[in-house]
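Results of the structural survey
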Amino acid sequence: MSGFSTSWLALREPADRAARDAGLIARLTEALSGRKRLAIVDLGTGSGSNMWALAPLLPGPQSWLLVDNDPALLEQAQDSSRTLTDRDGRPLVARTMLRDLAQPGWEDVLARADLVTMSALLDLVSADFVATLARAAKGAAIHATLTVDGRMACLPEDSLDEAVFAAFRHHMDGDKGFGPSLGTRAGEMAASQLEAEGFRVERAPADWHVGPDQPSLLVALLDGWIEAVRETGRLPEAELSRWAARRRAEAEAGSLELRVGHVDLLALPL
Ligand SMILES: C[S@@+](CC[C@H](N)C(=O)[O-])C[C@H]1O[C@@H](n2cnc3c(N)ncnc32)[C@H](O)[C@@H]1O
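Right, let's get into unusual backbone geometry. Cis peptide bonds are those with omega within 30 degrees of zero, and the linkage from Gly60 to Pro61 qualifies with -10 degrees. Summarising the element assignment, Pro61 is placed in the loop between α3 (49–54) and β2 (62–68). Put simply, Leu155 and Pro156 share a cis peptide bond, and its omega is 0 degrees. Inspection of the secondary structure assignment puts Pro156 in the loop between β5 (141–155) and α6 (161–172). Located in the positive-phi region is Arg112, a residue other than glycine, with phi close to 65 degrees. Phi at Ala120 takes a positive value of approximately 55 degrees, unusual for a residue other than glycine.

Take the site of the ligand next. The environment of the ligand is formed by 18 residues, the closest being Gly44, Asp68, Asp100, Leu101 and Ser119. The contact in question runs from a nitrogen atom of the ligand to an N or O atom on the backbone of Gly44, over 2.7 Å. Asn69 is positioned such that a nitrogen or oxygen atom in its backbone is 3.3 Å from a nitrogen atom of the ligand. When isolated, the ligand has an accessible area of 590 Å², and the protein chains bury 96% of it. The residue inventory of the shell around the ligand, partitioned by class, reads eight nonpolar, seven polar and three charged.

With that out of the way, let us pick up the pairing of β2. When you tally the buried positions in β2, you get six out of seven residues, the bulk of the element. In the sheet, strand β1 (residues 38–43) pairs with β2 via six bridges, with the strands oriented parallel. Among the inter-strand pairings, Val41 is bridged to a residue of β2, identified as Leu65. For the handedness criterion, the β-α-β arrangement of β1, α3 and β2 is classed as right-handed.

This brings us to the environment of Val263. Structurally, the position occupied by Val263 is in strand β8 (residues 257–269). You can call Val263 buried: its relative accessible area is 12%. For the pair formed by Val263 and Asp21, sequence separation is 242 residues and the distance between their alpha carbons is 8.6 Å.

For the rest of this paragraph, the subject is the packing of α6 against helix α8 (residues 215–232). The geometry of α6 relative to α8 is characterised by a closest axis approach of 8 Å and an angle of 80 degrees between their N-to-C directions. Relative to α8, α6 is oriented roughly perpendicular. Only Gly224, Trp225, Ala228, Val229, Glu231 and Thr232 of α8 make contact with α6, whose side of the interface consists of Val164, Phe165, Ala167, Phe168, His170 and His171. For the contact of α6 with α8, a count of residues per class yields seven nonpolar, four polar and one charged.

The rules behind these values
Residues numbered from 1 in each chain as written. Predicted model: local features only at pLDDT ≥ 70, side-chain atom pairs only at ≥ 80, totals over all residues. Heavy atoms only, no water. Helix = DSSP H or I, 4+ residues; strand = E, 2+ residues; numbered from the N terminus. Near = heavy atom within 4 Å. Polar contact = N/O pair within 3.5 Å; in protein donor to acceptor, adjacent residues only side chain to side chain. Areas by Shrake-Rupley, 256 points an atom, 1.4 Å probe, with all protein chains shown as cover. Nonpolar A, V, L, I, M, F, W, Y, C, P; charged D, E, K, R; others polar. Buried < 20%, exposed > 50% of the residue type's maximum accessible area, 1.4 Å probe, protein only. Pairing = 2+ DSSP bridges. Right-handed = clockwise from strand over helix to strand, strands pointing away. Axes fitted to C-alpha atoms, helices over the stretch in contact; angles between N-to-C directions. Parallel < 35°, antiparallel > 145°, perpendicular 65-115°, else oblique. Contact = heavy atoms within 4.5 Å.

See the structure below:
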């Protein structure tokens, strides 16, 4: 198991869907039009939300290769693919591959891909992973969506926010199983690595705005931040507990809004 629970992935899905940059998807669609068949590889598929968002917008026929190291999530993704169609109403072909993308040689999953896509994965991986991706995906389009970039905000503001956010950023930049992670610098670093390998790269913000209309996501997000900050040990426990109590009370009263900065990236071969 990967530690990414089905309930967390389901909770974040509507916020992800609202945040994805439509302009980059339109450019991707245009770049992929006119092909006989699209071979698409989704790295770190989870329960399939990237496929749910992209498949109905892209031309077809489409074959998806869904890659993850969590067999339970892959099974859900495969099941959900049966109800999806491409832009023209044709069913997808989807197969799964159980694979540890942190192990050398992972890049053979990219063979013959027209599109390599990933959602909420790029900030977890290392610079080596992106260097391998850039070399092995030559000739394919690359779409990496919902990469955290470290921008965070709470409304209303609180004098401890910056200290909490700094500790959380430190946590985001930690090793996530791929070696030193790109974390909050992932969008920027991937863009320069891909440009150096001859891709034309565009980036666009894809931020979450989570308010009282999404109470479960709001509370889960807040709890996740508090737990992560506590793990770093960078904030005195008494201060963190006071901040957490204030923020939980605001969430309960329906007066808290959270913003999480993400970036979407589209890299097209020149
Ligand atoms: C944040 S979740 C995103 C899931 C999905 N793409 C989405 O947007 O809902 C990260 C995904 O990467 C997968 N993952 C993490 N480390 C991995 C590894 N070493 N090899 C393969 N998959 C991995 C996890 O199992 C999880 O499904």
